[in-house]
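Listed below, chain by chain, are the residues.
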Amino acid sequence: AVTSEQLLFLEAWRAVDRAYVDKGFNGQSWFRVREAYLKKEPMEDRDQTYAAIRKLLASLDDPFTRFLEPARLARLRGDTEKSEVTGIGVEVSFTEEAGGPSQSVLKVVAPTEGGPSERAGVRPGDVIAAVDGKSTRGISLYEASDLLQGPAGSSLTLTLQTPGKDGKLGAPREVQLVRCKVVFRPVSYATCSGVSPSSGVGAGKEGGGKYIRVTTFNNSTVDGVVAAMKEGKAAGVDGLILDMRNNGGGSFPAGVQVAKLLLPGGDIVLISDSNGVRDIYSADKSLNLDTTTPLSVWVNKGTGSASEVLAGALKDNGRGTIVGETTFGKGLIQTVVNLSDGSGLAVTVAKYQTPSGLDINKIGITPDIRISPESLAVGGDAVCRQLAEPAAPRIFG
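Computed from a predicted model, the values in this text were never measured in an experiment.

Caption draft 1: Region of interest: the pattern of salt bridges. In this structure the tally under the stated criterion is 16 salt bridges. Between arginine 173 and aspartate 126 there is a salt bridge, with the nearest N and O atoms lying 3.3 Å from each other. Of the two residues, arginine 173 is situated in strand S8 (residues 173-178) and aspartate 126 in the loop between helix H5 (116-119) and strand S5 (127-131); the sequence distance between them amounts to 47 residues. Classification of arginine 173 by relative accessible area gives partly exposed; the value is 30%. Aspartate 290 is the partner of arginine 319 in a salt bridge, and the nearest nitrogen-oxygen pair spans 3.6 Å. Of this pair, arginine 319 sits in the loop between helix H9 (306-316) and strand S16 (321-324) while aspartate 290 is found in the loop between strand S14 (276-282) and strand S15 (295-299), placing the two residues 29 residues apart along the sequence. Owing to a relative accessible area of 8%, aspartate 290 belongs among the buried residues under this scheme. When salt bridges that share partners are traced, they join Arg54, Glu69, Arg72 and Asp146 into one network.

Structure representation (C-alpha cells):
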C-alpha cells in the first residue's frame, strides 16, 4: 500500500509531470523516475519525504524549479505583496556552469537603485562567490535570501568577482554592507527642455523630452507611467525616454500593461510551453496613451524578465529604439503549486518569446544603438543636463 508520505511525494511528481516546460525531463523517463523513487528512496517521515522531493527536482537540472517548505511558501507569498524589504537591495540569479545548478554561484541581476549594494559599487553581472565567508555554490534562491536579508542595521560581507571582457572572473574582493529597509520606488520622471538635436530628437532643432525611470514592475508601476506620459503629452514633448537599466523585472502583467500604453497594434509577447506557443498577449487600442512620440528605451545587462518582455515588444514592433547593451536574458516563467501539507513547488512552466519569436532566455534583447550604459546619466536632473549638451549622445533612431 502507498503510505501518506509517498502520496505527498506523488503530488510533487504529478505537479512536475503536468506543468513542466521540458517534457523530456532533462533526458529522463519521468514515469521510471517515479517508480525508482518509490522503491528506493526512504519516506518514513516528513523530513525524508521532503529530501526525496528535493532530489527529484534536482534531477531536472533547473535552478528555478524548487521545493518550498511551508514556512518558505508562506514567506514567498507575503514578500510578493511588500513594497519594501530589509536587506542589501540586490536581485540575484545563477551563473551557468557545466556541472549544473549544484556548481552554480550567485550572479547579480541588478542592484536596487539607492540601496546599499548600489552605493557600494555592486554592479549587474558581478558574481557573489560568498556571503560572510559562506560559499554560494549550489545554494537555492531561498537560501540566498536567508543569507542576504536580515535585521536593519546588521552587517554582512560579500565576496565579489567581476567578469572581464573575456568573460573570465577577476580577483575576489570583499565589500562590507549594512542592511537597511529598501523601499521600491518604481517610477520617477522629469521633463527636459532644450534637448540637443544631436540626440536625434526635435527634427534638427532643440526639443523637449520626457524621461521616465522604471526600476521595477509592481502594482503601482502602471499608474506611475501613465502619470508621466500624460504630463509629457501636456507639455508637448518631442521624445520619450523609458529607462529600464537595472530593472530586474517584477510583475509580468504590469510590463504587458505598459506595452499596451505605447503600442498601436501587434503582439507583445508569446508564451510557449512544452506544446509550443500557448498564449499570445497583444496590443489593445482602447488602452493606447501615446503610440507616435519617438521613444528611446534604455537597457543594460541588469534589465531582465518583464523588462525584457517590454523592450522586446517595443523593438519588434518598431515602436522604440533600444539603447545600451544586451539585456540579462531571463525568459523563464514559474508558477507555484500548492501541496496538501502546506508546502509547495515553484515549477518552470513556460518561456517568453518576443513577437518575432526570439527566445529571451540566456540570449536577451540586443540594442539598436550600442552604447556603454554607464555613459548615460541616471535620474531626471542629470539626464536633462546631459541631453542639453551640444554633444549629447544619439539616443533616438
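Caption draft 2: Just the packing of helix H8 (residues 252-262) against H9, in detail. Running from N to C, H8 and H9 point in directions that differ by 20 degrees, and their axes come no closer than 8 Å. Judged by the inter-axis angle, H8 sits roughly parallel to H9. Like other packed secondary-structure pairs, H8 and H9 cross with a definite hand, here right-handed. In this structure, H8 uses Phe252, Gly255, Val258, Ala259 and Leu262 to contact H9, whose residues at the interface are Ala306, Val309, Leu310 and Leu314. Its residues assigned to classes, the contact of H8 with H9 comprises eight nonpolar, one polar and no charged.

Caption draft 3: Structural view of the state of the cysteines. Within the structure shown, the criterion is met by one disulfide. Bridging cysteine 192 to cysteine 384, the disulfide has an S-S length of 2.0 Å. Disulfide cysteine 192-cysteine 384: the torsion about the S-S bond is -75 degrees, which places it as left-handed. Here cysteine 384 lies in helix H10 (residues 380-387) and cysteine 192 lies in strand S10 (residues 187-195), a separation of 192 residues in the sequence. The buried category is assigned to cysteine 192, whose relative accessible area is 1%.

Caption draft 4: The arrangement of the packing of aromatic side chains in detail. By the definition in use, this model includes nine aromatic pairs. Taken together, a centroid distance of 6.4 Å and an interplanar angle of 10 degrees make the contact between tryptophan 13 and tryptophan 30 stacked. Placement of the pair is tryptophan 13 in helix H1 (residues 4-19) and tryptophan 30 in helix H2 (residues 30-40), with a sequence separation of 17 residues. Here the two residues tryptophan 13 and tryptophan 30 agree in accessibility, since each one is buried. Of the aromatic side chains, those joined through ring pairs into one cluster are Trp13, Tyr20, Phe25 and Trp30. Sitting above the plane of the tryptophan 13 ring, arginine 34 keeps its charged end 5.0 Å from the centroid. Lying over the aromatic face of phenylalanine 64, lysine 330 brings its terminal NZ or CZ to 5.0 Å of the ring centre.

Caption draft 5: Main features of the environment of aspartate 17. Here aspartate 17 lies in helix H1. Considered as a pair, aspartate 17 and tryptophan 30 are 13 residues apart in the sequence and their alpha carbons are 7.3 Å apart.

Caption draft 6: How the structure looks around the environment of serine 59. Position of serine 59 relative to the elements: it lies in the loop between helix H3 (46-58) and strand S1 (66-68). For serine 59, a relative accessible area of 19% corresponds to the buried category. Between the C-alpha atom of serine 59 and that of phenylalanine 25, which follows or precedes it by 34 residues, the distance is 8.4 Å. Dropping the residues within four chain positions of it, serine 59 is found in contact with Asn26, Gln28 and Trp30. Reaching out from serine 59, the side chain makes a polar contact with the backbone oxygen of leucine 56 at a distance of 2.5 Å.

About the thresholds
Residues numbered from 1 in each chain as written. Predicted model: local features only at pLDDT ≥ 70, side-chain atom pairs only at ≥ 80, totals over all residues. Heavy atoms only, no water. Salt bridge = Lys/Arg side-chain N within 4 Å of Asp/Glu carboxyl O. Helix = DSSP H or I, 4+ residues; strand = E, 2+ residues; numbered from the N terminus. Buried < 20%, exposed > 50% of the residue type's maximum accessible area, 1.4 Å probe, protein only. Axes fitted to C-alpha atoms, helices over the stretch in contact; angles between N-to-C directions. Parallel < 35°, antiparallel > 145°, perpendicular 65-115°, else oblique. Left-handed = near helix turned anticlockwise from the far one by under 90°. Contact = heavy atoms within 4.5 Å. Nonpolar A, V, L, I, M, F, W, Y, C, P; charged D, E, K, R; others polar. Disulfide = S-S within 2.5 Å. Phe/Tyr/Trp six-rings, centres within 6.5 Å; stacked < 30°, edge-to-face > 60°. Lys NZ or Arg CZ within 6 Å of the ring centre and 35° of its normal. Polar contact = N/O pair within 3.5 Å; in protein donor to acceptor, adjacent residues only side chain to side chain.

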